[in-house]
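Coordinates in review
Each chain, written out:
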Amino acid sequence: TRPGTMFEAIGGSDTIDRLVTAFYQRVGKHEKLIPIFPDDLTETARKQKLFLTQFFGGPNLYTEDRGHPMLRRRHLPFEITPERKDAWLECMESALDDANIDEPYRTAVFEKLTMTAHHMMNTPE
Ligand code: HEM
């Protein structure tokens, strides 16, 4: 693990695992998100762990497994409205608590994800 990365600061892959597990437990119960996600979130969570590892400065696991992220393009098949963007961020904010990610990292992680979430919107309300 490269020192000085957000990935390292928050506790590396153990923390990413806890965060992503907590996140999809919430996504799977959120009435606004259920319609666009698969019933079985195992594979979704696996890909998200690879992605967030890379996104926060850890090893480039996502690109090794899936190629260039092109996240906005990969989200185009799903109607991502402002309401769904808010729901996604709500689940993530709670998951940061569930995974015991403390300040100052909690805010830094959430801000980076908030910017990316805005970029994923592709459908008006
Ligand atoms: C995949 C929804 C934001 C990262 C997906 C999938 C959905 C979705 C429905 C497909 C799940 C599947 O087929 O397994 C949303 C919604 C968002 C959002 C509603 C609200 C803005 C984000 C953000 C990130 C992200 C902010 C990254 C920080 C990913 C990744 C995948 C994915 C890595 C897997 C792509 C692949 O390799 O197939 N998302 N997403 N998403 N999402 Fe999001």
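Let me sum up the structure you'll find in this document. Treat the numbers as computed from the prediction; the structure is a model and nothing was measured.

Here helix α3 (residues 42-55) spans 20 Å end to end across 14 residues, near enough to the 20 Å set by a 1.5 Å rise per residue. Of the positions making up α3, those classed as buried are Q48, L50, L52 and T53. Contact partners of the buried residues in α3: α1 (6-10), α2 (12-27) and α4 (61-66). Positive phi appears at G57, one or two residues downstream of α3, with a value of about 95°.

Near the ligand you find 22 residues, and of these T44, F51, W88, T116 and A117 are the closest. Contributions of two or more residues to the shell around the ligand are made by α3, α5 (71-75), α6 (82-98) and α7 (105-120). No other element matches the 6 residues that α3 contributes to the shell around the ligand. Residues belonging to the shell around the ligand are distributed by class as follows: 12 nonpolar, 4 polar and 6 charged.

What follows concerns the packing of α2 against α3. Relative to each other, α2 and α3 sit at 135°, their axes nearing to 10 Å. Taken together, the axis directions place α2 and α3 in an arrangement best described as oblique. The way α2 lies across α3 gives a crossing that is right-handed. Judged by residue contacts, S13, I16, D17, V20, T21 and Y24 of α2 engage T44, A45, Q48, K49, L52 and T53 from α3.

Our focus in this paragraph is the environment of D98. Following the sequence through the fold, D98 ends up in helix α6. In sequence terms D98 and T21 are 77 residues apart; their C-alpha atoms lie 9.6 Å from each other.

Turning next to the packing of α2 against α6. Contact geometry of α2 with α6 gives a least axis separation of 8 Å together with a crossing angle of 135°. Overall, the two elements α2 and α6 adopt an arrangement that is oblique. Where α2 crosses over α6, the handedness of that crossing is right-handed. Here L19, A22, F23, R26 and V27 of α2 lie close against α6, whose contacting residues are C91, M92, S94, A95, L96 and D98. For the contact of α2 with α6, the class distribution of residues is 8 nonpolar, 1 polar and 2 charged.

Judged by nonpolar contacts, the single largest core of 18 residues is most densely connected at L19, F23, A95 and L96. Looking at which element gives the most residues to this core, the answer is α2, with 6 residues. Among all residues touching F23, those that are not within four sequence positions of it are C91, M92 and A95.

What counts and what doesn't
Residues numbered from 1 in each chain as written. Predicted model: local features only at pLDDT ≥ 70, side-chain atom pairs only at ≥ 80, totals over all residues. Helix = DSSP H or I, 4+ residues; strand = E, 2+ residues; numbered from the N terminus. Expected span 1.5 Å × (residues − 1). Buried ≥ 20, exposed ≤ 12 C-beta atoms within 10 Å, placed from the backbone. Contact = placed C-beta atoms within 7 Å. Near = placed C-beta within 6 Å. Nonpolar A, V, L, I, M, F, W, Y, C, P; charged D, E, K, R; others polar. Axes fitted to C-alpha atoms, helices over the stretch in contact; angles between N-to-C directions. Parallel < 35°, antiparallel > 145°, perpendicular 65-115°, else oblique. Left-handed = near helix turned anticlockwise from the far one by under 90°. Core = buried A, V, L, I, M, F, W, Y, C linked by C-beta atoms within 7 Å.

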